[in-house]
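So the chains spell out like this:
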Amino acid sequence: MKKTSTITGHVDLSIPAIVLCLLLLLPGCGNTKNEHSNHPKTLKEVLKDKFLIGVALNSRQSSGNDTAAVRIVKEHFNDIVAENCMKSIEIHPEENRYNFTQADEFVQFGVDNNLSITGHCLIWHSQLPAWFCVDENGENVSPEVLKERMKDHIYTVVGRYKGVIRGWDVVNEAILEDGSYRESKFYEILGEEFIPLAFQYAHEADPEAELYYNDYNEWYPGKRETVVRLINTLKKRGIRIDGIGMQGHLGVTNPALEAYQETIDDYVNAGVKVLITELDVSPLPEPRRIGGANLADREAYRKEIDPYTDGLPEDVAIEWNNRMMDLFDLFLKNSDNILRVTMWGVSDGDSWKNNFPVSGRTDYPLLFDRDHQPKEVVTRLIQQLSEY
Ligand code: G3I
């Protein structure tokens, strides 16, 4: 992770941390035990030459209060992303008021633990404070006013963590499955131009930071084609884009691995890297047609779509572990072009999927269970990658 003296004094960068970071880079040897002890190898150790393995943290975890989760994060992960505390509604609740308390705490957790840190997310139609795109009468502001507000937001947030945050989800979920643009306030006022502007402002605020576009359901051909056009537009205009975040809110069978591979290929062919962001695999019945993560798509609770309140049946657990293993095999096959794989939460009990798209379900989408124990796929991955 980059450490520079340009940090604005909000985060404590200590020399020992840098020394520790260099020590952690010492090469390991091919076995399931850490060469310096009998300590079993961990995900970040076996994946260290493949891609960053990240995890989304909530504020209970970045504050250190969720000690069981923090132990897992320190042991198995080398990148963290803020699940919520950097979203505009949290960090910039009023036009002239920022609230960095939880974001600073999150970044400090990353620095203290020598983790790569990802910022999520600068421009998103959801979790957007009511003031951002309208005037005092609730009418859309002019393009010029919105540009100024976007620039102020991005300069202030990105600038605060300049040299510490590795990369940013600059724009999130701006394109629909059919390839059309989501008719958000940003799009209503600025058209497609809001995306290049956001990337330009982010780059101006931290020229070293990696910049990503992040979305879900990108295996839909229409969406994928528009994302590729976006990549081409940014590159043609000389605006930095390093990668596309493919949110991994998946089912046990949907989407097919081939569709995921085709999407990776299209993005790599367009000249960017891929990040598997927000990975969670739900074994629960998918009550909606298109899956994904559109927060507006919610369903009423029905017992029949919450079948595993007392735990996963063995056959479902086997199917889930095999699916997750197949996904990681795909990621490993593409590791030259994948910068990071991020889990959208530490353990099953933390997952947003327990309440989306149906509130109050018991889901099992992550690598660690409700008792903070690693699932079989974690052991299989470590074993498989330790044999090289
Ligand atoms: O912090 C408030 C708390 O004060 C209040 O008491 C509580 C009850 O209303 O709500 C809390 O805020 C919630 C927040 O999570 C923190 O728990 C919001 O209501 C809730 O909407 C928010 O949900 C998050 C959602 O994004 C919307 O921001 C999920 O945790 C988070 O996993 C989810 O993540 C998104 C990615 O950012 C983008 N991609 C899709 C993904 C899933 O929607």
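This text goes with the structure placed above it.
First things first, this report covers the structure right here in the doc. Along every chain, residues carry numbers that run from 1 in the direction the sequence is written. Totals for whole chains, interfaces and linings use all residues, but because this is a predicted model, local features are given only for residues with pLDDT of at least 70 and pairs of side-chain atoms are given and counted only at 80 or more. Neither water nor hydrogens contribute to the side-chain values; these are computed over all heavy atoms in the structure.

1. Examining the overall build of the chain
Part 1 of the argument: Strands are runs of DSSP state E lasting at least 2 residues, helices are runs of H or I lasting at least 4, and numbering of each runs from the N terminus. Assigned secondary structure in the chain consists of 13 helices and eight strands.
Part 2 of the argument: Here the term buried applies to any residue with accessible area under 20% of the maximum for its type, exposed to any over 50%, and partly exposed to those in between, with areas from a 1.4 Å probe on protein chains only. In the chain, which comprises 388 residues, the share counted as buried stands at 55%.
Part 3 of the argument: We call two residues in contact whenever any of their non-hydrogen atoms come within 4.5 Å of each other. In the chain, once contacts between residues fewer than 6 apart in sequence are set aside, the share between residues at least 24 apart is 78%.
Part 4 of the argument: Carbon and sulfur atoms make up 49% of the accessible area of the chain, which totals about 16,000 Å². All accessibility values rest on the Shrake-Rupley procedure with a 1.4 Å probe; residue burial counts only the protein chains present in the view.

2. Let's talk about the site of the ligand
Part 1 of the argument: Around the ligand there are 15 residues in total, and Glu83, Lys87, His120, Glu173 and Glu278 lie nearest to it.
Part 2 of the argument: Between Glu83 and the ligand, the recorded distance is 2.6 Å, taken from a side-chain N or O atom to an oxygen atom.
Part 3 of the argument: In protein, a polar contact requires one atom able to donate a hydrogen and another able to accept it; more generally it is a pair of N or O atoms within 3.5 Å, and residues adjacent in sequence count only if both atoms are side-chain atoms. Contacts to the ligand include Glu278, whose side-chain N or O atom sits 2.7 Å from a nitrogen atom.
Part 4 of the argument: Summarising the interface, the protein chains cover 54% of the accessible area of the ligand, which totals 790 Å² for the free molecule.
Part 5 of the argument: When contributions to the shell around the ligand are tallied by element, the ones reaching two or more residues are β3 (116-124) and β6 (243-251).
Part 6 of the argument: Of the residues assigned to the shell around the ligand, the class counts are five nonpolar, six polar and four charged. Each residue is tested against the molecule or strand, and it is near if at least one of its non-hydrogen atoms lies within 4 Å. Throughout, the ten residues Ala, Val, Leu, Ile, Met, Phe, Trp, Tyr, Cys and Pro are labelled nonpolar, Asp, Glu, Lys and Arg are labelled charged, and all others, Gly among them, are labelled polar.

3. A word on the side chain of Asn321
Part 1 of the argument: In this fold, Asn321 is placed in helix α12 (residues 314-333).
Part 2 of the argument: For Asn321, a relative accessible area of 7% translates into the label buried.
Part 3 of the argument: Polar contacts involving the side chain of Asn321 include one to the main-chain carbonyl oxygen of Ala317, which spans 2.9 Å.
Part 4 of the argument: A distance of 3.4 Å separates a polar side-chain atom of Asn321 from the backbone nitrogen of Glu376.
Part 5 of the argument: Asn321 has contacts with Lys375, Glu376, Val377 and Arg380, leaving out every residue within four places of it along the chain.

4. What about the side chain of Thr42?
Part 1 of the argument: When you line up the elements, Thr42 lands in the loop between α1 (15-24) and α2 (43-46).
Part 2 of the argument: For Thr42, the side chain forms a polar contact with the main-chain oxygen of Glu75, separated by 3.1 Å.
Part 3 of the argument: Among residues more than four places away in sequence, those in contact with Thr42 are Glu75, His76 and Ile382.

5. So, the pairing of β3
Part 1 of the argument: The buried count for β3 comes to nine of nine residues, which makes it a mostly enclosed element.
Part 2 of the argument: Paired strands, as defined in this entry, are two strands with at least two bridges between them according to DSSP. By the bridge criterion, three bridges tie strand β2 (residues 79-82) to β3 in an arrangement that is parallel. Looking at the pairing, Asp79 lines up with Ser116 of β3.
Part 3 of the argument: Where β3 and strand β4 (residues 167-172) come together, five bridges link them in parallel fashion. Note on β4: the bridge partner recorded for Trp124 is Asn172.
Part 4 of the argument: Handedness of a crossover: with both strands directed away from the viewer, a clockwise path from the first strand across the helix to the second marks it as right-handed. Read as a crossover between parallel neighbours, the route from β3 over helix α7 (residues 143-160) to β4 is right-handed.

6. Overview of unusual backbone geometry
Part 1 of the argument: Put simply, His120 and Cys121 share a cis peptide bond, and its omega is -10°.
Part 2 of the argument: Along the polypeptide, Cys121 turns up in strand β3.
Part 3 of the argument: Backbone torsion omega between Asn254 and Pro255 reads 0°, so that peptide bond is classified as cis.
Part 4 of the argument: As for its position among the elements, Pro255 is in the loop between β6 and α11 (257-269).

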